[in-house]
Amino acid sequence: MASKEFTYQDVAEHNTKKDLYVVIHDEVYDCTKFVDEHPGGEEVLLDVAGQDSTEAFEDVGHSDEARETLAALKVGSLKRQAGDPKPKASLPGAVTPAAQGGGSAGVGLYAVVAIGGLIAYAAYQYLQQQQAAQNA
């Protein structure tokens, strides 16, 4: 498939349910036929129609299957010009904190609690042994 170049203005003109383009990582996708099939509902796509939706796409944490579906909808690439909005997510597949759900902080907290528990248990055992040695 020949890759057509679109300007941001070209993409912005495709912003309705019957003609819907989005930009994700500087690639242009025609989502018109996919609007009714989108698992998140048509409103999700209509909210980003004719815009750079990279951040919205990555924040959701789409599956590999979703990315394959997206690849089939590609119609070209974005030719950025002066004055165009800057992309907010920098790398394809980049996991943003919103996509992680803050899970890494929870794991770190559990690790600190578990290590603290082990230290407390070891100190308790040590003190019990010291007390038993004094009483014997």
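To be clear, the structure that these remarks concern was listed above.
All values derive from a computational prediction rather than experimental measurement. (Residues numbered from 1 in each chain as written. Predicted model: local features only at pLDDT ≥ 70, side-chain atom pairs only at ≥ 80, totals over all residues. Heavy atoms only, no water.)

*Asks:* Can you break down the overall build of the chain residue by residue, with the values?
*Replies:* What the chain contains, in helices and strands, is 6 helices and 5 strands. Out of the 136 residues belonging to the chain, those deemed buried represent 25%. In the chain, the share of contacts with a sequence separation of at least 24, taken over all contacts with a separation of at least 6, comes to 73%. Counting every atom, the chain has about 9,200 Å² of accessible surface; 57% of that belongs to carbon and sulfur. (Helix = DSSP H or I, 4+ residues; strand = E, 2+ residues; numbered from the N terminus. Buried < 20%, exposed > 50% of the residue type's maximum accessible area, 1.4 Å probe, protein only. Contact = heavy atoms within 4.5 Å. Areas by Shrake-Rupley, 256 points an atom, 1.4 Å probe, with all protein chains shown as cover.)

*Asks:* Give a description of the pairing of strand E5 (residues 74-78) that names residues and reports values.
*Replies:* Judged from the 3 bridges that link them, strand E1 (residues 4-6) and E5 form a sheet pairing that is parallel. In the strand pairing of E5, Phe6 is matched with Leu78. (Pairing = 2+ DSSP bridges.)

*Asks:* Could you give an account of the layout of surface pockets, with specific residues and numbers?
*Replies:* Of the voids in this model, the largest pocket is the one considered here, and its volume is about 350 Å³. Grouping the amino acids of the lining of the largest pocket by side-chain chemistry returns 14 nonpolar, 5 polar and no charged. (1 Å grid on protein atoms, 1.4 Å probe; cavity = no way out; pocket = protein on both sides within 12 Å on 5 of 7 lines; lining within 4 Å. Points joined across faces, edges and corners; volume = space filled by probe spheres on them. Nonpolar A, V, L, I, M, F, W, Y, C, P; charged D, E, K, R; others polar.)

*Asks:* An account of the environment of His38 is needed here, citing residue identities and associated values.
*Replies:* Checked against the element boundaries, His38 lands in the loop between strand E4 (27-30) and helix H2 (42-47). His38 sits in the buried class, given a relative accessible area of 15%. Not counting residues within four places of it along the chain, the set of residues in contact with His38 comprises Val44, Leu45 and His62.

*Asks:* Describe the packing of aromatic side chains, listing the residues and the values that go with them.
*Replies:* Within this structure, the stated rule accounts for 1 aromatic pair. Ring centres 5.6 Å apart and planes at 85 degrees place the aromatic pair Phe6 and Tyr21 in the edge-to-face group. Taken together, the positions of Phe6 in strand E1 and Tyr21 in strand E3 (residues 19-24) put the pair 15 residues apart, joining distant regions of the chain. Tyr21 gets classed as buried once you look at its relative accessible area, which sits at 11%. (Phe/Tyr/Trp six-rings, centres within 6.5 Å; stacked < 30°, edge-to-face > 60°.)

*Asks:* For the pairing of E4, give the residues involved together with the corresponding values.
*Replies:* Pairing geometry for E3 and E4, over 4 bridges, is antiparallel. What sits directly across from Ile24, in E4, is Glu27. Counted along the chain from E3 to the antiparallel partner E4, the turn is 2 residues long, and its residue His25 has a positive phi close to 50 degrees. Note: E4 against E5, 3 bridges, orientation antiparallel. Across the sheet, the residue bridging to Glu27 is Ser77, located in E5.

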